[in-house]
Amino acid sequence: MSKTDSDNKMNKIVSLCKRRGYIYQSSEIYGGLDSCYDYGPLGIELKKNIKEFWWKHMVQLRDDIVGLDASILMHPKIWEASGHVDGFVDPLIDCKTCKGRFRADQLDSTPCPNKPSKMVNQCGGELTDIRQFNLMFKTHMGPLEEGGTVVYLRPETAQGIYVNYQNVLQSSRQKVPFGIAQIGKAFRNEITPRNFIFRTREFEQMEMQFFVKPDADTEWFEYWKEQRIGWYDELGIKKDNLRFHQHGENELAHYAKAAFDVEYLFPFGWKELEGVHNRTDFDLSRHQEHSGKDMKYFDDATRERFVPYIIETSAGCDRTLLTCLADAYEEEELEKDTRTVLRLSPKIAPVKAGIFPLVKRDGMPELARKLTDELKHHMMVFYDEGGAVGRRYRRQDEAGTPYCVTVDSQTLEDQTVTVRERDSMAQERIAADGLLNYLRDRVQ
Ligand code: GAP
């Protein structure tokens, strides 16, 4: 995709997100807060459905993984032990000419703010020396800034899992190999947030840490790679737009022995969607050292005592949501016009069905409202009686609603309704009292 096409597609997605209530710029009435976004009525439903889909596959359907929700603020020593205080840094460079601040390792792909046709390393601006910039947000605990303890907003959810691993072991009767899963906010003071919700300073992660015997790490690493790429397939993401990228020696994070990214072909190119990491015993050993608490596991069956290795799967929730939108967005040429349609998988679509009376008379609105009231106990539905029915279909196509149900004059005679499917636009008549099961079979 050319740069112009890719910008166009992203601009169209961003504008659809605002128009239909998926995502808004944060603090918009004050000019916006850079790289922060708010999820609107449809966005929050989509995000909730993605998280539930992840939780179902990673926790509910498995006997060997349990959930956790650790606090965002944690003891500051955790971040010393994890290596984030010293090592979670990006190289930063300032331009004295344009006053811009850039990542030193991305100068050749960062356009100059003053001369956007040139990259920062070609525009002739006067650059400073490189400084190391820690990405963690700091704040203070307690009422007084000076006397208070410095605490960090967590840059990953993983550490909350490691420091609770013994608690979970003792309370859940799990045995190695087992996993702990968590969904939660993370914060990074990114130097160059960009591409809408792709890289932001506040975001949500869906992480799972799988504890294994040290000599079983490679086998589990391969297992989790396949599981995770398969999950995106089940989410409805096109296979051709997914691939693995193996980290080379110089790309590996400070904790990783091996790492693969699941990458997605975004309009702005192949980019990381999720990381699968072999973190070895790095984290638990460091916490053992820094806290003085024993992090070893005793295997009853083999009488062995060891610090487990950890295979981590770390996905970004917002990035997955952007993936779903980009993958689903389509402008379809029809005979007379073009329609914009979001072909989201029905399993994660924010609203499962639009319910319309064909006209606002003859008892049709009352019947359609009655259907809406019954269905809303089971799924998100949306009642709409405004405008021509064709326009109402198009609004739901753009919103990604997989089904539209119309109550018309025939409904009054034989209690059937028309169901229109979003992708094919095919319509069929079904008995109104079978509607719930019809939809359930297709959207859950
Ligand atoms: N615990 C390991 C870890 O955090 P990571 O590769 O730094 O690994 C994992 O992050 C995932 O979190 C990424 O693949 C991405 O989906 C998401 N992520 C990371 N930084 C992000 C940011 N600034 N904005 C949005 N998502 C981000």
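Before reading further, recall that the structure is shown in the block above.
Remember, predicted model here, so these are calculated numbers, not experimental data. (Residues numbered from 1 in each chain as written. Predicted model: local features only at pLDDT ≥ 70, side-chain atom pairs only at ≥ 80, totals over all residues. Heavy atoms only, no water.)

Caption draft 1: Fine view of the site of the ligand. In the region of the ligand, 22 residues are neighbours, and Glu-156, Thr-200, Glu-207, Glu-272 and Glu-312 sit closest. In the environment of the ligand, an oxygen atom lies 3.0 Å from a nitrogen or oxygen atom belonging to the side chain of Gln-205. Only strand 10 (202–212), strand 13 (269–280) and strand 16 (309–316) provide two or more residues apiece to the shell around the ligand. Sorting elements by how many residues they give to the shell around the ligand places strand 13 first, with six residues. Split by residue class, the shell around the ligand holds six nonpolar, six polar and ten charged. (Near = heavy atom within 4 Å. Polar contact = N/O pair within 3.5 Å; in protein donor to acceptor, adjacent residues only side chain to side chain. Helix = DSSP H or I, 4+ residues; strand = E, 2+ residues; numbered from the N terminus. Nonpolar A, V, L, I, M, F, W, Y, C, P; charged D, E, K, R; others polar.)

Caption draft 2: Highlighting the packing of aromatic side chains. What the rule picks out here adds up to 19 aromatic pairs. Their ring planes at 85° and their centres at 5.1 Å tell us that Tyr-223 and Trp-224 sit as a pair that is edge-to-face. For Trp-224, a relative accessible area of 1% gives the class buried. Measuring from ring centre to ring centre gives 4.9 Å for Trp-231 and Tyr-232, while their planes differ by 85°; the resulting arrangement is edge-to-face. Accessibility assignment for this pair places Trp-231 and Tyr-232 in one class, buried. Taken together, the ring pairs connect Phe-198, Tyr-264, Phe-266 and Phe-268 into an aromatic cluster. Taking the ring centre of Phe-244 as reference, the NZ or CZ of Lys-225 above it sits at 5.2 Å. Here Arg-420 stacks its cationic end above the ring of Tyr-393, 4.5 Å away from the centre of that ring. (Phe/Tyr/Trp six-rings, centres within 6.5 Å; stacked < 30°, edge-to-face > 60°. Buried < 20%, exposed > 50% of the residue type's maximum accessible area, 1.4 Å probe, protein only. Lys NZ or Arg CZ within 6 Å of the ring centre and 35° of its normal.)

Caption draft 3: Here's a closer look at the environment of Arg-369. Relative to the assigned elements, Arg-369 resides in helix 10 (residues 364–375). Counting along the chain gives 14 residues from Arg-369 to Tyr-383, while the straight-line C-alpha distance between them is 7.0 Å.

Caption draft 4: Focus on unusual backbone geometry. With an omega of 5°, the peptide bond running from Val-176 to Pro-177 counts as cis. Checked against the element boundaries, Pro-177 lands in the loop between helix 6 (165–172) and strand 9 (178–187). Phi is positive for Arg-173, close to 60°, though the residue is something other than glycine. Here Arg-173 shows up in the loop between helix 6 and strand 9. Look at Arg-173 and you get exposed, because its relative accessible area is 75%. The residue Phe-196 is not glycine, and still its phi comes out positive at about 60°. Turning to its location among the elements, Phe-196 is positioned in the loop between strand 9 and strand 10.

Caption draft 5: Quick peek at the sheet that holds strand 20 (residues 381–383). Taken together, the five strands give an open sheet; going across it, the order is 20-19-21-22-23, and neighbouring strands pair in mixed fashion. What marks the edges here is a single partner per strand, and that holds for strand 20 and strand 23 (427–431). The mean inter-strand angle of the sheet, taken between neighbouring strand axes irrespective of direction, is 25°. Note that strand 22 (residues 416–421) and strand 23 share five bridges and pair antiparallel. Within strand 23, the position partnered with Arg-420 by the bridge is Gln-427. Sheet strands touched by helix 10: strand 19 (353–357), strand 20, strand 21 (403–407) and strand 22. Its angle to strand 19, the strand with the most contacts, is close to 160°. (Pairing = 2+ DSSP bridges. Axes fitted to C-alpha atoms, helices over the stretch in contact; angles between N-to-C directions. Contact = heavy atoms within 4.5 Å.)

Caption draft 6: Main features of the nonpolar core. Judged by nonpolar contacts, the single largest core of 58 residues is most densely connected at Tyr-22, Ile-23, Trp-224, Tyr-232 and Leu-325. Not counting residues within four places of it along the chain, the set of residues in contact with Ile-23 comprises Cys-17, Lys-18, Tyr-37, Asp-38, Tyr-39, Gly-40, Phe-196, Ile-197, Leu-321 and Leu-325. If you look at the next biggest cluster of nonpolar residues, it comprises 20 residues, including Ala-353, Leu-435, Tyr-438 and Leu-439. (Core = buried A, V, L, I, M, F, W, Y, C linked by side-chain atoms within 4.5 Å.)

Caption draft 7: Layout of the environment of Thr-313. Looking at where Thr-313 falls in the secondary structure, it is placed in strand 16. Sequence separation of Thr-313 and Lys-185 is 128 residues, and the distance between their C-alpha atoms is 16 Å. In this structure, Thr-313 is in contact with Met-58, Met-206, Glu-207, Met-208, Trp-224, Arg-228, Glu-274, Gly-275 and Val-276, ignoring residues within four places of it in sequence.

Caption draft 8: Examining the sheet that holds strand 4 (residues 89–94) more closely. Reading across the sheet, the three strands line up as 5-4-6 and stay open at both edges, with antiparallel pairing between neighbours. In this open sheet, the two strands that pair with only one neighbour each are strand 5 (101–103) and strand 6 (131–134). Adjacent strand axes in the sheet meet at a mean angle of 50° when their direction is disregarded. Summarising the sheet, strand 4 and strand 5 pair through three bridges and their orientation is antiparallel. From the neighbouring strand, Leu-92 faces strand 5, where its bridge partner is Arg-103.

Caption draft 9: Representation of the side chain of Arg-103 within the structure. Along the chain, the position of Arg-103 falls in strand 5. Of note is the side chain of Arg-103, whose polar atom sits 3.3 Å from the side chain of Asp-90. Once you skip the residues sitting within four places of it in the chain, Arg-103 turns out to touch Asp-90, Pro-91, Ile-191 and Thr-192.

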